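Descriptive analysis of the structure
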Protein chains: 2
Amino acid sequence: MNIHVGPVAAPELQEAVVAAGGRLSPAAEASALVWYGAEPERFGELDHPGLEWVQLPAAGIEEWAAAGALRDGVTFTSAAGAYADTVAEHALGLMLTGARGLHVMARADRWERRSAAASLFGATVGILGAGGIGRSLIGLLRPFGVRVLAVNRSGRPVEGAERTWRADDAPGVREVLAAADFLVLAAPATAETSRLVDADALSRMKPGAWLVNVARGALVDTGALLAALDEGRIGGAALDVTDPEPLPDGHPLFRHPRAFVSPHSANPKSLLLPALARRVEENVRRHLAGEPLLGVVDPAAGY
Amino acid sequence: MNIHVGPVAAPELQEAVVAAGGRLSPAAEASALVWYGAEPERFGELDHPGLEWVQLPAAGIEEWAAAGALRDGVTFTSAAGAYADTVAEHALGLMLTGARGLHVMARADRWERRSAAASLFGATVGILGAGGIGRSLIGLLRPFGVRVLAVNRSGRPVEGAERTWRADDAPGVREVLAAADFLVLAAPATAETSRLVDADALSRMKPGAWLVNVARGALVDTGALLAALDEGRIGGAALDVTDPEPLPDGHPLFRHPRAFVSPHSANPKSLLLPALARRVEENVRRHLAGEPLLGVVDPAAGY
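Rules used throughout
All residue numbers here refer to positions counted from 1 along the written sequence of the relevant chain. Numbering of ligands from 1 and lettering of chains from A proceed in the order in which they are written. Note on the predicted model: pLDDT of at least 70 is required for a residue's local features to be given, and 80 or more for side-chain atom pairs to be given and counted; whole-chain, interface and lining totals, by contrast, use all residues. Remark: hydrogens and water are excluded; side-chain values derive from all non-hydrogen atoms of the structure. Fitted lines through C-alpha atoms serve as axes, helices being fitted only where they are in contact, and the angles separating the N-to-C directions of these axes extend from 0 to 180 degrees. Comment: elements are numbered from the N terminus, with helices defined as DSSP H or I runs of at least four residues and strands as E runs of at least two. Roughly parallel means an angle under 35 degrees; roughly antiparallel means over 145; roughly perpendicular covers 65 to 115; every other angle is labelled oblique. In this scheme the crossing of two helices becomes right-handed for a clockwise turn of the near helix relative to the far one and left-handed for an anticlockwise turn of less than a right angle. Between two residues, a contact is recorded if the distance between any of their heavy atoms is within 4.5 Å. Following the grouping adopted for this structure description, the nonpolar residues are Ala, Val, Leu, Ile, Met, Phe, Trp, Tyr, Cys and Pro, the charged ones are Asp, Glu, Lys and Arg, and the polar ones are all others, Gly among them. Whether two aromatic rings pair depends on their centres lying within 6.5 Å, for rings of Phe, Tyr and Trp, where Trp uses its six-membered ring; planes under 30 degrees apart make the pair stacked, over 60 edge-to-face, and the rest tilted. Think of it in three bands: with a 1.4 Å probe and only protein chains considered, a residue is buried below 20% of the maximum accessible area for its type, exposed above 50%, and partly exposed in between. Definition of a polar contact: a pair of N or O atoms within 3.5 Å, with one able to donate and the other able to accept a hydrogen when the atoms are protein atoms, and with sequence-neighbouring residues admitted only if both atoms are side-chain atoms. In this analysis, strands are considered paired if DSSP registers two or more bridges between them. Least squares is the method used to superpose the copies, on C-alpha atoms of residues holding a pLDDT of at least 70 in both. We call a crossover right-handed when, viewed with both strands directed away from the observer, the connection leading from the first strand over the helix to the second proceeds clockwise. Computed with a 1.4 Å rolling probe, the buried area is the accessible surface lost when two parts are put together, summed over both parts. Note on definitions: salt bridges are taken to be side-chain nitrogens of Lys or Arg within 4 Å of carboxyl oxygens of Asp or Glu. Throughout, the edges of the domains are those of an automatic or database domain assignment. What we call a nonpolar core is a set of buried Ala, Val, Leu, Ile, Met, Phe, Trp, Tyr and Cys residues that are connected through their side-chain atoms within 4.5 Å.

Within an unreviewed UniProt entry, the label attached to chain A reads D-isomer specific 2-hydroxyacid dehydrogenase family protein, and the organism entered is Saccharopolyspora rosea.

**Some words on the packing of helix H3 (residues 84–100) of chain A against helix H5 (residues 132–141) of chain A**
Helix packing for two helices is described by the angle between their axes and how far apart those axes are. Residues and elements named next belong to chain A. Running from N to C, H3 and H5 point in directions that differ by 55°, and their axes come no closer than 8 Å. The angle between H3 and H5 places the two elements in the oblique class. Crossing of H3 against H5: the hand is right-handed. Facing H3, whose interface residues are Ala 84, Asp 85, Val 87, Ala 88, Glu 89, Ala 91, Leu 92 and Met 95, H5 presents Gly 132, Ile 133, Ser 136, Leu 137, Leu 140 and Leu 141. The class makeup of the residues in the contact of H3 with H5 is ten nonpolar, two polar and two charged.

**Points about the packing of aromatic side chains**
All names here are of chain A. The final tally for this structure, using the stated rule, is twelve aromatic pairs over all chains. Seen from their ring centres, Phe 121 and Phe 144 are 4.9 Å apart, and the 65° between their planes marks the pair as edge-to-face. Here Phe 121 is found in the loop between helix H4 (102–107) and strand E6 (124–128), whereas its partner Phe 144 is found in the loop between H5 and strand E7 (147–152), with 23 residues between them in sequence. Overall, the relative accessible area of 27% leaves Phe 121 in the partly exposed class. Put simply, the rings of Trp 35, Phe 43, Trp 64 and Phe 76 touch in pairs and so form one group of aromatic residues.

**Focus: the side chain of B:Arg286**
Residues and elements named next belong to chain B. Topologically, Arg 286 is positioned in helix H10 (residues 269–289). On the basis of relative accessibility, which here comes to 19%, the residue Arg 286 falls in the buried class. Only 2.7 Å separates the side chain of Arg 286 from the side chain of Glu 282, close enough to count as a polar contact. Apart from residues lying up to four places away in sequence, Arg 286 is in contact with Glu 291, Pro 292, Leu 293 and Leu 294.

**Things to note about the sheet that holds strand E4 (residues 53–55) of chain B**
Residues and elements named next belong to chain B. Sheet architecture is open: five strands sit in the order E2-E1-E3-E4-E5, paired in parallel fashion. Both outer strands of the open sheet, strand E2 (23–24) and strand E5 (75–77), are each paired with one neighbouring strand and no more. Of the pairings in the sheet, the one linking strand E1 (residues 2–7) to E2 comprises two bridges and is parallel in character. Each residue of the ladder has a partner; that of Ile 3, found in E2, is Leu 24.

**Focus on the relation of the copies chain B and chain A**
At an RMSD of 0.0 Å, chain B and chain A line up after a rotation of 180° and a shift of 0.0 Å along the axis. One copy is carried onto the other by what is essentially a two-fold rotation axis. Residue B:Arg107, judged by its C-alpha, is the member of chain B lying nearest the rotation axis, at 2.6 Å. Interface overlap between copies: 100% of the residues of chain B at the interface are likewise at the interface in chain A, consistent with a symmetric, same-surface contact.

**Overview of the environment of A:Arg279**
Residues and elements named next belong to chain A. Relative to the helices and strands, Arg 279 is located in helix H9 (residues 269–289). In this structure Arg 279 comes out as buried when scored by relative accessible area, which is 10%. Counting along the chain gives 14 residues from Arg 279 to Leu 293, while the straight-line C-alpha distance between them is 10.0 Å.

**What about the pairing of strand E10 (residues 210–213) of chain B?**
All names here are of chain B. Burial of E10 is two-sided: the residues Trp 210 and Val 212 facing one way and the residues Leu 211 and Asn 213 facing the other way are all buried. Where strand E9 (residues 182–185) lies against E10, four bridges are found, and the strand directions are parallel. If you follow Phe 182 over to E10, its bridge partner there is Trp 210. Remark: the E9/helix H8 (residues 199–204)/E10 crossover connection has right-handed handedness. Relative to strand E11 (residues 236–239), E10 is paired through four bridges, and the arrangement is parallel.

**With respect to the interface of chain B and chain A**
With 53 residues of chain B in contact, the opposing surface of chain A contributes 53 residues. Contact with chain A buries surface across chain B, with B:Glu89, B:Arg100 and B:Trp111 losing the most and accounting together for 19% of the total. Inspection of the chain B/chain A interface yields two salt bridges. Between B:Glu89 and A:Arg100 there is a salt bridge, with the nearest N and O atoms lying 2.9 Å from each other. Mapped by element, the contributors of at least two residues to the side of chain B that touches chain A are helix H4 (84–100), helix H5 (102–107), helix H6 (132–141), strand E12 (259–261) and H10 of chain B. Looking at the side of chain B that touches chain A, the element that brings in the most residues is H4(B), giving nine residues. Looking at the side of chain B that touches chain A residue by residue, the class counts come to 24 nonpolar, 15 polar and 14 charged.

**Observations concerning the domain arrangement of chain A**
All names here are of chain A. In terms of domain boundaries, chain A breaks down into domain 1 (2–82 + 268–289) and domain 2 (84–261). Each partner contributes residues to the interface: domain 1 has six residues there, and domain 2 has four residues. Summing both sides of the interface, domain 1 and domain 2 together bury roughly 410 Å²; the carbon and sulfur share of this comes to 46%. Contact with domain 2 buries surface across domain 1, with Glu 62, Gly 81 and Leu 271 losing the most and accounting together for 69% of the total. Our enumeration of links across domain 1 and domain 2 arrives at one salt bridge. For Arg 216, the salt bridge identified is with Glu 62, shortest N-O distance 2.5 Å. Our count for the contact surface shared by domain 1 and domain 2 stands at two residue pairs in polar contact (both at pLDDT 80 or more). Its residues assigned to classes, the side of domain 1 that touches domain 2 shows three nonpolar, two polar and one charged.

**Regarding helix H8 (residues 222–230) of chain A**
Residues and elements named next belong to chain A. Listing the buried residues of H8 in full gives Thr 222, Ala 224, Leu 225, Leu 226, Ala 228 and Leu 229. Taken together, the buried residues of H8 touch helix H7 (199–204), strand E10 (210–213), strand E11 (236–239) and strand E12 (259–261). Two to three positions downstream of the cap, the backbone nitrogen of Gly 223 sits 3.1 Å from a side-chain oxygen, assigning the N-cap of H8 to Asp 221. Phi turns positive, to about 65°, at Gly 232, one or two residues after H8.

**Focus on the nonpolar core**
Grouped together as the largest cluster of nonpolar side chains are 111 residues, with contacts concentrated most on A:Leu13, A:Leu92, B:Leu13 and B:Leu92. In contact with A:Leu13, not counting residues within four places along its chain, are A:Val5, A:Val34, A:Tyr36, A:Leu273, A:Leu276, A:Ala277 and A:Val280.

Following this line, the structure appears as C-alpha cells:
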C-alpha cells in the first residue's frame, strides 16, 4: 500500500508507516495520506482521485470541516484518543494549579505565603464530555479518592464515575455544575457544545469551583467567564484553549489572579509526535489487515 | 486528662481534644499541651513542671531543637506524617509545573505556544528521604507508570519503589541522581542532609531533570543551584522551601525561567488544620488508652 506523509515529511511518522508494513510514496501515487504540518486549506495540494484514506493529526476536526476539506469518497480518521493520556496529564496540572494557586505564586517576585488552598483529595470532579481524555483523567485521579460525575453524549456509564448523565439531560448537567469542585471540559466542539459554559452555567457552579478547559475554546463564553472571575463568583479558570484563540496580547485572562492560561499546550509537539506515530502505525496496520480504523470521522456529527 | 491548646486556642484543635476524651484546661493545670500558633521561643510561657507531653504542630522540629525547647522530662510529638498526603499533592503539582512549563506560562501576557514538554508517564522519579510523603507521592504517581528509586535512612525497601538505597550509600545515591528525571527531596533537615544537593550532586543530575524540594531549604546549596539553572545544566527546580527562607524580595529564583517557588505552601493553613486536628484526636486517644503516640521526637536524631 502506497502511503504519503505530508505536506511536512515527519521522519517519526514515515518510520511508523514503514514499521506497520506500508510503503512510502509520492502523494500522487498514494492511496493513503498521513497529513502533517499544514493547515487544512492546503489539502487540495495533495488530494487526488486515487486517495482513499486520510489520517489527520489532530483529535478535533472542526477546522477540517470548516475548510470544506472532508470530501466524499475519502475516509478521514482523526487522532481522537491518541493524545488522551497527554491531555489528561495536562488537565491534572491545571487542576493542581488552581487548587494550590500555583499560577499566582509563579508570578510573584517576593515571598508571600498563602494560607488558603484546595485539595483534590475527596473533591468532586465533573467531566463534561467524558471520552478518552476523561477516562485517562479518572485513572490519574483515582489515588485522590475523588468523586467523579460524568456527562457524555450517550449517557453510557463511564467507568470510575459515580454517575453518568446524557449531554442532553439538562437537569442532570445542572446537577454536575452545582456539585463539582472542579469542572473539566473535554467535549468536542460541535453545535451542541458551543458556549456550553455560559453565564447561566457559571451562575450554577459552586462558589470556589475551578473550571478547567482542555477541549476547545468555543465551549466557553469568554465574556461571561471574565465577569464571573472578576466578581469572584467561582474559584477560577485554568484554560488550555480559549475563544478567541490565540488570545490577543495583554488579554485580561492572562495574569488574572483567578485565571491561568496555557496556550493550547496540553499536547505539545514533543509529546504529540510519538503519540501520533503510535496511532499512525496502528491504523496503517489495521488498514493493511482490513480491520476497522481508529478515529473514523463522521462529518455529520462533527467528530 | 487536662489538656491545653495554645498559645493560640484554635477551635478545631480544642474540638479534637474533646472528641478524643480529653478535658480542656488552663495551661498551668494541664499535663499535656497542644502547641499552636507561636514560635518555639515562647514555649517557656506555657511550660511548667507538671507538663508530660507536648504535641507540636509541624512535621519538622529543627526550630524547636535550635530554640533549646525540647527539654528533658517531657515527651514531644511532632506532626510527622500527618501532612504526607497534603505535601505529596503539592509535590505532584510542582512536578507537573516543571514537566509542562506551567510557571513560564503563568507569567506570560501573550500567546506563546511551547513545543517542548516532558511527561510523568514512564518517567524515573528519585525520592531522597522516602518516608510518609514519599509513600503518598508514590501512590499518586502510580497511574503514570513511573519508575521510583528511593533513598531512606534504613535502606528498608519502600513499597512501590524499584529499589531503595540507604542514605549513607554514596554510590547508590549517585545512581539515583544520575537516573532521575525528577528528583524529589522529602528528607528531614539534619546534619546529614544539610546541602545534600550541592554543586557535585547537581553535576550528576540528568541534563533535563527537575529538582523538587518539599522538605527543607537547607538540603540544597542555593548558590550552586542558581549556577546550574543559569547555565541550563538541569531542566529546572521547583522549590517549596528555600535557603535562606524567606527568600529576599526580588531574589533571582523568583521568576527564573527554570525555577518555580511556592513560598512554603505545600501545607497551607486551610489544609493543615484539619489534618493536625485528626492527628491531635488520634494522639489524645492513644495517650488516654496508654498506647504509643505517633511522631515521638528523638532529640538526638533531630526528628
